[in-house]
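The residues making up each chain are set out below.
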Amino acid sequence: SATLDASAVSDFLGGCPIVDVPGRLFPVSIAYQSSADVPTVIAAEMAATDGAVLAFLPGAREIGQAARHLTATFGARVPVFELHGGLEAEQQDAALRPSGRPRIILATNIAETTLTVPDVRLVVDAGWQKVARYDADRGIDSLDTERVSRDAADQRAGRAGRVAPGRAIRLWDEHVRL
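Residues numbered from 1 in each chain as written. Predicted model: local features only at pLDDT ≥ 70, side-chain atom pairs only at ≥ 80, totals over all residues. Heavy atoms only, no water.

## Remarks on the pattern of salt bridges
Side chains carrying opposite charge are able to pair once their charged atoms draw close together.
And then number 1: Throughout the structure, instances matching the rule amount to ten salt bridges.
And then number 2: For the salt bridge of arginine 167 with glutamate 45, the shortest nitrogen-to-oxygen distance reads 2.6 Å. One end of the pair, arginine 167, is in strand β8 (residues 166–170); the other, glutamate 45, is in helix α2 (residues 38–45), and 122 residues separate them in sequence.
And then number 3: Glutamate 45 sits in the buried class, given a relative accessible area of 16%.
And then number 4: Of the charged contacts, one joins aspartate 135 and arginine 138 as a salt bridge, the two residues approaching to 2.8 Å between their closest N and O atoms. (Salt bridge = Lys/Arg side-chain N within 4 Å of Asp/Glu carboxyl O. Helix = DSSP H or I, 4+ residues; strand = E, 2+ residues; numbered from the N terminus. Buried < 20%, exposed > 50% of the residue type's maximum accessible area, 1.4 Å probe, protein only.)

This is the structure we're talking about:
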């Protein structure tokens, strides 16, 4: 997903050839709902979504809470998958496997750039992430919750436009400066 200056790299490598393989991106419409939460938005939007829903939450605890709420809402009609670094590989693979039917994937920023979740048509972004920080004064590591950057929000939204036109709903006010 990252873009680099191919000519500079080619020059550094002695003029090696550059192969350009253009990707195909579909349009993604972006809406803002600052007073909503992830489960509420997904429940309201699920019937109008053709494909998978990918929701970004800050951490495993928030993902677990949303998963319980959505499982209670949809039962067996719509499978709910968790996707974060604390899961076993088999559980992560299950979330990434296309199913051909609607499903919900609740993920940390691991799904932002590291993994590609196929058939996503709607992204719901809470706008937060957990970041590891070292506190030198106390000599301990901490996991701080903070706003995502504008670039990260755009990267997340783009996940909805990989296979067809998609939608992204951001759960903050449009005027919030990221």
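## Side note on the confidence of the model for the protein
And then number 1: Residues with a pLDDT of 70 or more make up 96% of the protein, whose mean pLDDT is 91.
And then number 2: Within the protein, the lowest mean pLDDT, 83, falls on helix α5 (residues 110–113), and the highest, 98, falls on α2. (pLDDT = per-residue confidence, 0-100.)

## Here we look at helix α4 (residues 89–96)
And then number 1: Within the sequence span of α4, burial applies to Gln92, Ala95 and Leu96. Down the axis of α4, the sector holding all buried residues measures 95 degrees, keeping them to one side.
And then number 2: In this structure, the buried residues of α4 make contact with β3 (80–83), β4 (103–107) and α5. (Arc of directions from axis to C-beta. Contact = heavy atoms within 4.5 Å.)

## As for the packing of α2 against helix α3 (residues 60–74)
And then number 1: As a packed pair, α2 and α3 sit with axes 9 Å apart at the nearest point and diverge in direction by 30 degrees. Overall, the two elements α2 and α3 adopt an arrangement that is roughly parallel. Both α2 and α3 take part in a crossing whose hand is right-handed. Contacts between α2 and α3 involve Pro39, Ile42 and Ala43 from the former and Ala66, His69, Leu70, Thr73 and Phe74 from the latter.
And then number 2: For the contact of α2 with α3, the residue count by class is six nonpolar, two polar and no charged. (Axes fitted to C-alpha atoms, helices over the stretch in contact; angles between N-to-C directions. Parallel < 35°, antiparallel > 145°, perpendicular 65-115°, else oblique. Left-handed = near helix turned anticlockwise from the far one by under 90°. Nonpolar A, V, L, I, M, F, W, Y, C, P; charged D, E, K, R; others polar.)

## Let's talk about the sheet that holds strand β2 (residues 52–56)
In a beta sheet, neighbouring strands are held together by backbone hydrogen bonds and run either parallel or antiparallel to one another.
And then number 1: Strand order in the open sheet formed by six strands is β1-β8-β5-β2-β4-β3, with parallel pairing between adjacent strands. Two strands lie at the open edges of the sheet, namely β1 (28–32) and β3, each paired on one side alone. Across this sheet, the average inter-strand angle for adjacent strands is 20 degrees, counted without regard to direction.
And then number 2: Sheet topology places β1 next to β8; five bridges connect them, and they run parallel. (Pairing = 2+ DSSP bridges.)

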